[in-house]
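What follows is each chain in one-letter form.
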Amino acid sequence: MSSVLLSGCNPLALTGRSKLQNERASLNQQIIRQMRMRAGAENLLRATSNNKVCDMVVLELSYINSNLQLLMEQLEGLNINGVSLKRRLFKTDFILEHYSEDGSSFEEEIADLMDLRQACRTPSRNDAGIETLAKYFSHIPLLESRFFSATRQMGIFFTWYDSFTGVPVCQQNVSLEKASILFNIGALYTQIGTRCNRQTGSGLQDAITAFQKAAGVLHHLKETFTHTPSFDMSPSMLSMLIKMMLAQAQECLFEKIALSGIRNEFFSLLKMAHEAAKVGDTYDQVHQSMSQTPIKDNVPFFWSTVAQVKTHHYRSLAHYFLATALLDHQLRPSDDEDQQEKALSQAYDAMPDGRSPLDILRKREERRRIGKAHLRRAVIGHEEGLRIHSLCRHLRKLDVLQAILQASHNRSLAKFNDNDREDEFTDYMEAPDIVSKTEHKAEMETPMATKVKVTDFFRRLGPLSVFSAKQRWTAPRTVRLRLEDRDLGFTLRGDPAPVQVTSLDPLCPAAVDGLKEGDYIVAVGDADCKWMVVSEVMRLLKDVDEDGIDIRVVSLMDSGLPMPTKSATYCGGISKTYSMICLAFDDDKSPKGRKVTKKGSFLSWGVKNHLKSSSTLSLPTADYSGTLPWNKPCPTFPSSSSYNDSALY
């Protein structure tokens, strides 16, 4: 498998992405240097009362701010091209140390894991790429349970490059790996949404779905992973990104309604006015979120400008639609007066000049006056959108966007001129805001792609409920089994696998040869039986002759688990943060008295998720004494327990 490219991987993107990360890192270091100089200059400006010194500092600050603006624009240009994906590392000497298995025998499994991890660095921008990331995402908890012990550090560092600043964050906590993959899944959904054909109904629906799934993934990341060391995954930044995804989905919903054409009819125009106002309000919320500190210092100027332009554009469209409904459609005897009155009253929070809806509908001059006021606001809003558009260097390159803004402005201006009179000099009524509402609200959608079922790469190590990094095991021992009056001297239990020795006679030959109460049988002869239940192991033992047969067993070691130490987090240019892995211990530290709670999947992982694990795994307790060829009393074995090792990072 290692020689074949995985589906969902784009290997051609690797070289460009590595080069992009290097450029980000270099620009970020320059920005940090300039910000330190600015902070020093501002401190000096506050501390001094010398006017000459103040003038020099102000001049220096102007140079620093100019340099910062240029550097931020360069960084913005890099960030527009996509979201950075992270590098991953993995070591396998733990297999030999912890499981006493030859690591070289797992070369094929390791190669498969390496191929999957490599494919995640360059996923294709389609559903296959989502599946690749989701598959690796589903493997992480299995790897964590197998190899990442809560009592020791593996020496494996997980690195994530902030997608806005390029600042690297490095941790030994596998939770960072989970969060970064989840972030990349959300980022990939946004890229899929932007690649959809929005000229067709199916393309618009695909874009809506992609943006809603992106919002759902980012919301899940925000709710389940707390205290993330990277700013792009901080709650404030994720909240802004979620709003931006939902705003784009709402815009696609508006385009889908307008795709078949907008009828020049009173109720249809009022409906489009509400829908356009809704899109404008969602983008206004995005812009307000981007304007908050510290988001505004890290979000590209291009993003906040687009949000501002679209706010003005869609609000102006709402005023245009409402004005058209008032100016082009007079109340006729055949019209449903009550319905029109109700529809118009719902367009405003407060009626213009305190007029009643019916009064406006019946009087042609009132309709024209209020309609012109809405057109005036539409023209002013379009002009403001064009002005803001011209201030952004990147937006000026988007000729299509400028053409749309200009066409909308010309349409509103022409409509205003058609209804203007030369003798009107004092009609400066201010049109009220239009109520924003929609029949199809964009909602977050948690994609099923993050719940992919996978097969454990290292299944051969045994059932994960028993053979995990949380337990400490002795090296496998070989014990010779011999019949003594058709009695082996112990009973077995184990359904589900593995099989465990219980009710051991301390004087039987197997006990003398080293067999212990509670041992797990991992092999009978040359047959691996980690996954075998009692009946299958019995079939291997039923033909034991006088010479006996060799079995291999392992014992669970009683280790007083110390509280783990704090793990330092390196974040270039940012203050260090610390995380504490939190464990819950029982008073009884004996392994036989400790409950083992199955760790929930990473989709339900996190301190904000109070749902308990869906099932509890314990050491085998089913009694099969009645089915064994030897008949010994079999006392009930106490269920094994576990500690909960959910971690904060």
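In the annotation of an unreviewed UniProt entry, the protein chain is listed under the name Rhophilin, Rho GTPase binding protein 2 and assigned to Oncorhynchus mykiss. Of the protein chain, the UniProt comment under Sequence similarities (unreviewed entry) reads exactly: "Belongs to the RHPN family."

Secondary structure summary: the protein chain contains 17 helices and 10 strands in total. Residue pairs at least 24 apart in sequence account for 77% of intrachain contacts in the protein chain once pairs closer than 6 positions are excluded. Total accessible area on the protein chain stands at roughly 31,300 Å², and carbon and sulfur atoms take up 51% of it.

A word on the nonpolar core. Judged by nonpolar contacts, the single largest core of 107 residues is most densely connected at Phe 147, Leu 241, Phe 321 and Phe 458. Per element, the largest residue contribution to this core is 12 residues, and it comes from helix H8 (residues 235-259). Contacts of Phe 321, omitting those with residues within four sequence positions, involve Phe 254, Ile 262, Leu 269, Met 272, Ala 273 and Ala 276. Counting 23 residues, the second largest nonpolar core, distinct from the first, contains Leu 488, Cys 508, Ala 510 and Ile 521.

A grouping of Asp 543, Asp 545, Glu 546 and Asp 547 is seen on the molecular surface, where their side chains present a negatively charged patch. In this fold, Asp 545 is placed in the loop between helix H17 (534-541) and strand S8 (549-554).

Further remarks concern the layout of surface pockets. By volume, the largest pocket is sized at about 1,700 Å³. Lining the largest pocket are 50 residues; nearest its centre among them are Arg 198, Gln 248, Glu 251, Val 306 and Lys 310. For the lining of the largest pocket, the secondary structure elements donating two or more residues are helix H2 (51-80), helix H6 (174-195), helix H7 (201-224), H8, helix H10 (301-328), helix H14 (393-396) and helix H15 (399-418). Per-element accounting of the lining of the largest pocket gives the leading share, 10 residues, to H10. Looking at the lining of the largest pocket residue by residue, the class counts come to 30 nonpolar, 13 polar and 7 charged.

In this section: the environment of Leu 375. Within the secondary structure layout, Leu 375 lies in helix H13 (residues 364-391). Considering only alpha carbons, one finds Leu 375 and Ala 431, 56 residues apart in sequence, at a separation of 8.8 Å. Setting aside residues no more than four positions away along its own chain, Leu 375 makes contact with Tyr 320, Ala 323, Leu 327, Ser 412, Lys 415 and Phe 416.

Put simply, H7 and H8 touch, their axes get as near as 9 Å, and they point 165° apart. Here H7 lies roughly antiparallel to H8, going by the angle between them. In this structure, the crossing between H7 and H8 has a hand that is left-handed. Split into classes, the residues belonging to the contact of H7 with H8 amount to 18 nonpolar, 6 polar and 3 charged.

Right, let's talk about the packing of aromatic side chains for a bit. All told, the structure shown has 12 aromatic pairs when counted by the stated rule. Pairing Tyr 99 with Phe 147 gives two aromatic rings, centres 6.5 Å apart and planes at 85°, and the pair type is edge-to-face. Of this pair, Tyr 99 sits in helix H3 (residues 93-99) while Phe 147 sits in helix H5 (residues 127-147), and the two are 48 residues apart along the sequence. There is no split in this pair, since Tyr 99 and Phe 147 are both buried.

Attention now goes to unusual backbone geometry. With the exception of glycine, most residues fall at negative phi, and the peptide bonds are largely trans. The step from Asp 495 to Pro 496 runs through a cis peptide bond, and the omega angle for that step is 15°. If you trace the backbone, Pro 496 turns up in the loop between strand S4 (491-493) and strand S5 (499-502). In this structure, Asp 353 is a non-glycine residue whose phi angle is positive, near 55°. Secondary-structure assignment places Asp 353 in the loop between helix H11 (337-345) and helix H12 (357-362). A positive phi is found at Ser 503, a non-glycine position, where the angle reads about 50°.

In a regular helix each residue adds 1.5 Å, so 25 residues correspond to 36 Å; H8 covers 36 Å between its end C-alpha atoms and thus fits that length. Looking at the residues trailing H8, positive phi occurs at Gly 261, about 105°.

With that settled, consider the pattern of salt bridges. The final tally for this structure, using the stated rule, is 26 salt bridges. The salt bridge involving Arg 477 is made with Asp 519; its shortest N-O contact spans 2.5 Å. Within this pair, whereas Arg 477 is found in strand S3 (residues 477-481), its partner Asp 519 is found in the loop between helix H16 (509-512) and strand S6 (520-524), the two being separated by 42 residues in sequence. Looking at Asp 519, the relative accessible area reads 1%, which means it is buried. Overlapping salt bridges, with partners in common, bring together Asp 353, Arg 355, Asp 359, Lys 363, Glu 366 and Arg 369 in one network.

On to H5, then. Think of an α-helix as turning once every 3.6 residues; residues three or four places apart then point the same way. Its 21 residues give H5 an end-to-end C-alpha distance of 30 Å, which sits within 8% of 30 Å, the value for a rise of 1.5 Å per residue. The largest bend in H5 is about 25°, located at Ile 140, with the proline Pro 141 one to four residues further on. Measuring from the side-chain oxygen of the N-cap residue of H5 to the backbone nitrogen of Ala 128 gives 3.1 Å; that N-cap residue is Asn 126.

On to the environment of Val 454, then. By the element assignment, Val 454 lies in the loop between H15 and S3. Sequence spacing of Val 454 and His 139 is 315 residues, and the spatial spacing of their C-alpha atoms is 6.9 Å. Excluding residues within four positions of it along the chain, Val 454 makes contact with Lys 135, Ser 138, His 139 and Leu 142.

Further remarks concern the environment of Val 544. Note on placement: Val 544 falls in the loop between H17 and S8. On the basis of relative accessibility, which here comes to 11%, the residue Val 544 falls in the buried class. Along the primary structure Val 544 and Leu 481 are separated by 63 residues, whereas in three dimensions their C-alpha atoms are 8.1 Å apart. Once residues within four sequence positions are removed from consideration, Val 544 is found in contact with Leu 481, Leu 483 and Ile 549.

Time to look at the side chain of Asn 173. With respect to the element layout, Asn 173 can be found in the loop between strand S2 (168-171) and H6. Given the relative accessible area of 10%, Asn 173 is considered buried. Polar side-chain contacts of Asn 173 include one of 3.0 Å to the backbone nitrogen of Ser 175.

Mean pLDDT over the protein chain stands at 78; residues scoring 70 or higher make up 78%. Residue range residues 80-91 is modelled with pLDDT below 50. Its contacts to residues more than four positions away, or to other chains, number 55 contacts. Confidence drops under pLDDT 50 across residues 561-649; counting only partners more than four residues distant or on other chains, this segment forms 202 contacts.

This part is about the packing of H6 against H7. The geometry of H6 relative to H7 is characterised by a closest axis approach of 8 Å and an angle of 165° between their N-to-C directions. By the angle between their directions, the pair H6 and H7 is classed as roughly antiparallel. H7 is crossed by H6, and the crossing has left-handed handedness. Within the contact between the two elements, H6 uses Ala 179, Leu 182, Phe 183, Ile 185, Gly 186, Tyr 189, Thr 190, Ile 192, Gly 193 and Thr 194 and H7 uses Ala 207, Ala 210, Phe 211, Lys 213, Ala 214, Val 217, Leu 218, His 220 and Leu 221. Residue composition of the contact of H6 with H7, grouped by class: 13 nonpolar, 5 polar and 1 charged.

Rules of the game
- Residues numbered from 1 in each chain as written.
- Predicted model: local features only at pLDDT ≥ 70, side-chain atom pairs only at ≥ 80, totals over all residues.
- Heavy atoms only, no water.
- UniProt positions renumbered as here; feature names shortened; annotations may be inferred.
- Helix = DSSP H or I, 4+ residues; strand = E, 2+ residues; numbered from the N terminus.
- Contact = heavy atoms within 4.5 Å.
- Areas by Shrake-Rupley, 256 points an atom, 1.4 Å probe, with all protein chains shown as cover.
- Core = buried A, V, L, I, M, F, W, Y, C linked by side-chain atoms within 4.5 Å.
- Buried < 20%, exposed > 50% of the residue type's maximum accessible area, 1.4 Å probe, protein only.
- Patch = residues over 30% accessible without salt bridge, like charges linked within 9 Å, V, L, I, M, F, W, Y side chains within 5 Å.
- Salt bridge = Lys/Arg side-chain N within 4 Å of Asp/Glu carboxyl O.
- Lys, Arg positive; Asp, Glu negative; His and termini not counted.
- Charge placed at Lys NZ, Arg CZ, Asp CG, Glu CD.
- 1 Å grid on protein atoms, 1.4 Å probe; cavity = no way out; pocket = protein on both sides within 12 Å on 5 of 7 lines; lining within 4 Å.
- Points joined across faces, edges and corners; volume = space filled by probe spheres on them.
- Nonpolar A, V, L, I, M, F, W, Y, C, P; charged D, E, K, R; others polar.
- Axes fitted to C-alpha atoms, helices over the stretch in contact; angles between N-to-C directions.
- Parallel < 35°, antiparallel > 145°, perpendicular 65-115°, else oblique.
- Left-handed = near helix turned anticlockwise from the far one by under 90°.
- Phe/Tyr/Trp six-rings, centres within 6.5 Å; stacked < 30°, edge-to-face > 60°.
- Expected span 1.5 Å × (residues − 1).
- Bend = angle between axes of the 7 residues up to and from the residue.
- Polar contact = N/O pair within 3.5 Å; in protein donor to acceptor, adjacent residues only side chain to side chain.
- pLDDT = per-residue confidence, 0-100.

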